[in-house]
Amino acid sequence: MIKVEHLVKRFGGLTAVDDCTLSVPAGSITAVIGPNGAGKTTLFSMIAGFLKPNGGRILMDGDDITGLSPPTLFHKGLVRTFQIPHELSRMTVLENLMLVPPAQVGEHVWLAWLQPGRVRAQEKEIRERAEEVLQFLDLYRLRYELAGRLSGGQKKLLELGRTMMIEPRVVLLDEPAAGVNRTLLGKLTEAIQRLNEEQGYTFVVIEHDMDMIAELCSPVIVMAQGRVLAEGSMAEIRRNRDVLEAYLGVVED
Ligand SMILES: Nc1ncnc2c1ncn2[C@@H]1O[C@H](COP(=O)(O)OP(=O)(O)OP(=O)(O)O)[C@@H](O)[C@H]1O
């Protein structure tokens, strides 16, 4: 679904992503792991359109999407999750979801005046979808809570919910497990699994929590120094000497 070919990103003299080539199979939950500074976040930022590469290209379903803006990629169904922006933290959970859908009819003031029925119908549809998403994520009882008051894990679930509002095709998840307690991590993992199996979402996950990766992801791609060092199942990766060296330094016999 996503192909990255010979991608390069330099920051001054530093090459953060260095001739990186990899594929994300359609319908997979692919992990990208690697030691700190390996270039994972920079790679994500380029795929999601937040950084322009210095070389190479990115394909989605065979189309060249290199350098397209985040909103354009969003409309193509490729989204990256973020921390909830500051301004959204003062809105309720439900409002956070209802703000997501693109091209809301109600945004056009004249249309609201000329065709109020159409606007109301769309708002109702969006609200129903938002409530459905909240039920799915078990956040429904918190729908009138301010987003800023949620726990770390609940915020991650809400972020996932925001992506569900556009029914995306590829979701880039940036460290979903960070700051999430075990109970909510279970819920988050289950939601990702179900969205993958039942809705066919493809996920690409950057994660340091190896337990979560082992449970959720295949294939696992290991990056080090801006390149792909290894790829395979978690069991294969665990046995790979180059990977151990990248994480731990020199490996003794
Ligand atoms: N905007 C930037 N300007 C300059 N250097 C940067 C910038 N962003 C990243 N780097 C550098 O690029 C390299 C790769 O960083 P990146 O954040 O992509 O790694 P990472 O694998 O995501 O690491 P981590 O697991 O610690 O988040 C690092 O050496 C980092 O210091």
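Just so it is clear, the model here is predicted, and its values are computed rather than measured.

Thresholds applied
Residues numbered from 1 in each chain as written. Predicted model: local features only at pLDDT ≥ 70, side-chain atom pairs only at ≥ 80, totals over all residues. Helix = DSSP H or I, 4+ residues; strand = E, 2+ residues; numbered from the N terminus. Buried ≥ 20, exposed ≤ 12 C-beta atoms within 10 Å, placed from the backbone. Contact = placed C-beta atoms within 7 Å. Expected span 1.5 Å × (residues − 1). Near = placed C-beta within 6 Å. Nonpolar A, V, L, I, M, F, W, Y, C, P; charged D, E, K, R; others polar. Pairing = 2+ DSSP bridges. Axes fitted to C-alpha atoms, helices over the stretch in contact; angles between N-to-C directions. Core = buried A, V, L, I, M, F, W, Y, C linked by C-beta atoms within 7 Å. pLDDT = per-residue confidence, 0-100.

Q: What should I look at first to understand the overall build of the chain in this one?
A: The helix and strand inventory of the chain stands at 10 helices and 10 strands. Going through the 253 residues of the chain one by one, you find that 34% of them count as buried. Sequence-distant contacts in the chain: of pairs separated by 6 or more residues, those separated by 24 or more amount to 66%.

Q: Just to check I follow, could you spell out helix α7 (residues 182-199) for this structure?
A: Note on helix geometry: an α-helix contains 3.6 residues per turn, so any two residues three or four positions apart are oriented the same way. Compared with an ideal rise of 1.5 Å per residue, which puts 18 residues at 26 Å, α7 spans 25 Å between its outermost C-alpha atoms and is within 8% of the ideal. Contact partners of the buried residues in α7: β3 (29-33), α6 (152-164), β8 (202-206) and α8 (210-216). Remark: Gly200 follows α7 within two positions and exhibits a positive phi of approximately 75°.

Q: Got a minute to help me understand the site of the ligand in this structure?
A: Taken together, Phe11, Leu14, Ala16, Gly34, Asn36, Gly37, Ala38, Gly39, Lys40, Thr41 and Thr42 make up all the residues around the ligand. Elements represented by at least two residues in the shell around the ligand include exactly β2 (14-24) and α1 (40-47). Ranked by the residues each element gives to the shell around the ligand, the list is headed by α1, at three residues. Looking at the shell around the ligand residue by residue, the class counts come to four nonpolar, six polar and one charged.

Q: What is the right way to read the sheet that holds strand β7 (residues 170-174) from this model?
A: Two orientations exist for strands paired in a sheet by backbone hydrogen bonds: parallel and antiparallel. Taken in spatial order, the six strands make up an open sheet running β6-β7-β8-β3-β9-β10, and their pairing is mixed. The open sheet has two free edges, formed respectively by β6 (78-80) and β10 (227-232), since each of these has just one partner strand. Neighbour-to-neighbour, the strand axes of the sheet open up by a mean angle of 20°, direction not taken into account. Relative to β8, β7 is paired through five bridges, and the arrangement is parallel. What sits directly across from Asp174, in β8, is Ile206.

Q: It is not clear to me how the environment of Gly34 should be interpreted in this structure. Could you clarify?
A: Turning to its location among the elements, Gly34 is positioned in the loop between β3 and α1. On the basis of neighbour count, Gly34 is assigned to the buried category, with 25 C-beta atoms found within 10 Å. Taking the C-alpha atoms as reference points, Gly34 and Gln122, separated by 88 residues in sequence, lie 44 Å from one another. Ignoring any residue separated from it by four or fewer positions in sequence, one finds Gly34 in contact with Lys40, Val222, Met223, Ala224 and Ala246.

Q: Even after reading the chapter, I still don't get the pairing of β3, so can you show me in this structure?
A: The side chains of a regular strand alternate between both faces of the sheet. When you tally the buried positions in β3, you get five out of five residues, the bulk of the element. Side chains Ile29, Ala31 and Ile33 project from β3 onto one buried face, and the interleaved Thr30 and Val32 project onto a second face that is buried too. The pairing of β3 with β8 spans four bridges and is parallel. Each residue of the ladder has a partner; that of Thr30, found in β8, is Val204.

Q: So what exactly am I meant to see when it comes to the nonpolar core here?
A: Across soluble globular proteins, nonpolar side chains have a tendency to be buried as a group. Counting 61 residues, the largest nonpolar core has Ala31, Val32, Phe203, Val205 and Val220 as the members making the most contacts within it. Once residues lying within four places of it in the same chain are set aside, the contact partners of Phe203 are Ile29, Val171, Leu173, Ile192 and Asn196.

Q: Before we go on, may I ask you to explain the confidence of the model for the chain in this structure?
A: Do not read the fine detail of predicted coordinates wherever pLDDT is low. Averaged over every residue, the pLDDT of the chain is 88; residues scoring 70 or more account for 88%. Reported confidence for the predicted complex is 0.96 by ipTM and 0.88 by pTM.

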